[in-house]
Amino acid sequence: MSVQWVIGLGFLIMAGCLAAVFVYVARDTRTQSWDEIYERAAVLRRRWFRGLLVFAVVAFAVSMTWLPYQFVRSAELPGTPTKVAVSGHQFAWDLSKNCLPSTSPIEFEVTGADVTHGFAIYDESGSIVGQTQAMPGFTNVLLVSLSKPGTYTIHCTELCGVGHSFMKQTFTVGSCGSSASSGGCGGSAGCA
Amino acid sequence: MTTTPVASGDDVLRDPARLRTINRLTAVWVITGFVLLLILGLAGLLMRSIQSGLLGGLALTWFDAILTFHGIGMVSLVALGMMAGCWYIFAQRLPMSTRLWTVCYLATVVAVVLVIISTLIGKFGTGWTFLYPLPYSNQGGWPVWSFVPFLLAVTIVVLVILAIDLEFLYRGVKKYGSLGRMYGLEYLADPHPADDGRPRTDLMTIAMTTTALTWIPAALLGAVLVVLELIQVFVPTFTTSALLAKNLTFFAGHMLVNVALYMGAGLLYAILPSYTKRPWKVARYVVIGWLATTVALWFAFYHHLYQDFAQPDSVQVIGQLFSYVSAFPALVVTLLGGVMLVWRSGIRWTPAPTFMYLGMTGWAIGGTGAIMDSTAGVNQFMHNTLWVAGHFHAIMAMGVMMFFLGTMYHVFPAVFGRHLSDRVGQRAALLIGVGGYTVVSVFFLSGIFSEPRRYAVQLPGTEWLALIGLVGAILVGIGGLLIAGNVFSVLRGPVANPDGTERLEQPETQPGPATA
């Protein structure tokens, strides 16, 4: 199951519970005086606030280990990373390498040549496995582990003009021929 | 629902000529807003048609312009629509200037024309966030001049909100004595402050004060961005930092969306008690919640820049912390209070409370998705996918727009002197509810499939999702047209109150214990 489905399932449970409460309250046709309700509401409110506070604090603390930034990822992904220079331009990607190892972390150094693009890496099942922005004037360093060999696709996820939907590029992870791993794509069409 | 006596001692508030002007102005705002809602909704429907592959070649040539028209139109409409509702209610409590509000309306009409010129004539297609430097580097997609009317329209919207916010603060301080009393700070020291002969604040005033105080910095920094952009239009060699521009964009843009929501909460506070016949009063925890939101909102916008790794790591962590803090108080406090207000109240589900309740539901569901997405580790996988469109539309379309429709039904008898059909309204609510949640669910599901947002042509094999979304959008459209038909036929009928001086019975304080 992809990370996205886990996130979606979590959302479905929470949103479903909320929707069920709203429907239940709306369909409860009994009437009760406000004074009686108020007493119960005060108890409910205290429990609700305390429960949510605990949930939020725990969620925040746990989520700090999921941060996609280098200070967290470099501890999670030890070893010397393979560096790949990436430049996004309307409407193609340039990568310094088009075949990458599955055994070491990959460090994408991403920038934008003209406007801001979204550098999102899709695995073979079509799920995003990591992303960062390709912004002109800045280099964003994305450290990821692509341990599953195969063909990965980069899609642009930031609106960058009329060709936004078609701005994609593929690269390979796994067994690389010497020319591919050292040479790169040689332009926007080379690896597509 | 309507009555003529007024509790306030202020003669200005009881002036029949002023009441007539207030009603007429509100009528114009309601009709304009509703017509724009239908047109902008049609633009959304058109986008889903393009994405589902039904309109072929139109995709590349027009999608981005329609996207921008829909986006800037809708975010402006929700903000100004909520403001129109708030103004109507506050104008009956405070001597708000009808002249200023008339100028604001005329300026808004000019802004609408400018957006049409920019997007539908100039084909300006950056999306409503006009991320720098896309407006100037577009590969021939649109001429740079089309950015100018767009910027002017944005400026007008910003200034209209600012003008009313400042007037509200000025008149509010005069009435309540200080900004602190508008916020209800005395409740922090004493949950049941003794009567000191001066008026006490109410929940709607607190929400509107939050809106005003958060909008002032947003308008100022938004103005900086507009000036920087305008300089580059006329002096192309002048450039700015893309990261700075993005921070400015989302500081102001995130505020715009949030102030719309907070004004919607204000309307909820004012309207829902009329139907549940229960008080929704100021309490200490509510004051704390809104204060926390006011402060946290200044830093929450950083979650829009999680994928800009060049931002300092500490800023990203602060962004997540304040995103949680800003969302929980307003969302949790208001929704829990609203649900308790309705529970076993014997409420009759006429269209006004139905739409307000639907709005609460949309806010809760969309807010959950938004809080999840404001977690940087989650955002890494969902950022700029249709998941974002999912939670955004859940909050804005199924939340704030429902508040707009609920408010419209609530004020219609007083403003127009006529009654809309309950049966038509209920059928429309059903269609809009079913259709709206179909649209939103498809967005969420597409996000799980990692479908990027703002794609004219969807990833291969996912067009069927857009098609289901289109069916949902059509249901929403039919619901909207049902209401439109009812409004049109009712307005052609006789007027129940020819003198046009009716006003809402909208007590500021109500007896009974504070709500949970």
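Residues numbered from 1 in each chain as written. Chains lettered and ligands numbered in written order. Predicted model: local features only at pLDDT ≥ 70, side-chain atom pairs only at ≥ 80, totals over all residues. Heavy atoms only, no water.

### Details of the environment of B:Ala260
Residues and elements named next belong to chain B.
- Note on placement: alanine 260 falls in helix H9 (residues 242-276).
- The spacing of alanine 260 and valine 78 is 182 residues in sequence and 5.9 Å in space, taken between C-alpha atoms.
- When sequence neighbours within four positions are dropped, the list of residues in contact with alanine 260 reads Val78, Ala79, Met82 and Val400. (Helix = DSSP H or I, 4+ residues; strand = E, 2+ residues; numbered from the N terminus. Contact = heavy atoms within 4.5 Å.)

### Considerations on the pattern of salt bridges
Residue and element names in this part refer to chain B.
- Considering all chains together, one arrives at 11 salt bridges over all chains under this definition.
- Across the pair arginine 181 and aspartate 196 runs a salt bridge, and its minimum N-O distance is 3.0 Å. Of the two residues, arginine 181 is situated in helix H6 (residues 179-183) and aspartate 196 in the loop between helix H7 (186-189) and helix H8 (203-234); the sequence distance between them amounts to 15 residues.
- When its relative accessible area of 9% is taken as the criterion, arginine 181 is described as buried.
- Residue classification places aspartate 196 among the partly exposed residues on the basis of a relative accessible area of 37%. (Salt bridge = Lys/Arg side-chain N within 4 Å of Asp/Glu carboxyl O. Buried < 20%, exposed > 50% of the residue type's maximum accessible area, 1.4 Å probe, protein only.)

### Points about the packing of H9(B) against helix H12 (residues 351-373) of chain B
Residues and elements named next belong to chain B.
- Remark: H9 packs on H12, axes separated minimally by 10 Å, with the N-to-C direction vectors making an angle of 140 degrees. Considered as vectors, H9 and H12 are oriented oblique to each other. The handedness of the crossing between H9 and H12 comes out as left-handed. On H12, the residues touching Leu261, Ala265, Leu267, Leu268, Ile271, Leu272 and Tyr275 of H9 are Ala352, Pro353, Met356, Met360 and Trp363.
- Its residues placed into classes, the contact of H9 with H12 shows 12 nonpolar, no polar and no charged. (Axes fitted to C-alpha atoms, helices over the stretch in contact; angles between N-to-C directions. Parallel < 35°, antiparallel > 145°, perpendicular 65-115°, else oblique. Left-handed = near helix turned anticlockwise from the far one by under 90°. Nonpolar A, V, L, I, M, F, W, Y, C, P; charged D, E, K, R; others polar.)

### Observations concerning the interface of chain B and chain A
- Taken together, the 82 residues of chain B in the interface contact 73 residues of chain A.
- Summed over both sides, the interface of chain B with chain A buries roughly 7000 Å², with 70% coming from carbon and sulfur.
- When the buried surface of chain B facing chain A is broken down by residue, B:Phe309, B:Trp343 and B:Arg344 rank first, second and third, together holding 12% of it.
- Summed over the shared surface of chain B and chain A, the number is one salt bridge.
- The tally of links between chain B and chain A comes to 25 residue pairs in polar contact (both at pLDDT 80 or more).
- For the side of chain B that touches chain A, the elements supplying multiple residues, two or more each, are helix H3 (58-90), H9, helix H11 (313-342), H12, helix H13 (376-382) and helix H15 (422-448) of chain B.
- Sort the elements by how many residues they give to the side of chain B that touches chain A and H11(B) lands first, with 14 residues.
- Of the residues belonging to the side of chain B that touches chain A, the class tally is 48 nonpolar, 26 polar and eight charged. (Buried area = accessible area lost by both parts, 1.4 Å probe. Polar contact = N/O pair within 3.5 Å; in protein donor to acceptor, adjacent residues only side chain to side chain.)

### Observations regarding a nonpolar patch on the surface
- Taken together, A:Met1, A:Trp5, A:Val6, A:Leu9, A:Leu12, A:Ile13, B:Phe449, B:Trp464 and B:Ile468 make up a surface patch of nonpolar side chains, about 940 Å² in accessible area.
- The set of elements that each furnish at least two residues to the nonpolar patch consists of helix H1 (3-27) of chain A together with helix H16 (463-492) of chain B.
- Examining the composition of the nonpolar patch, we find that five residues originate from one element, H1(A), more than from any other.
- Along the chain, B:Phe449 turns up in the loop between H15 and H16. (Patch = residues over 30% accessible without salt bridge, like charges linked within 9 Å, V, L, I, M, F, W, Y side chains within 5 Å. Areas by Shrake-Rupley, 256 points an atom, 1.4 Å probe, with all protein chains shown as cover.)

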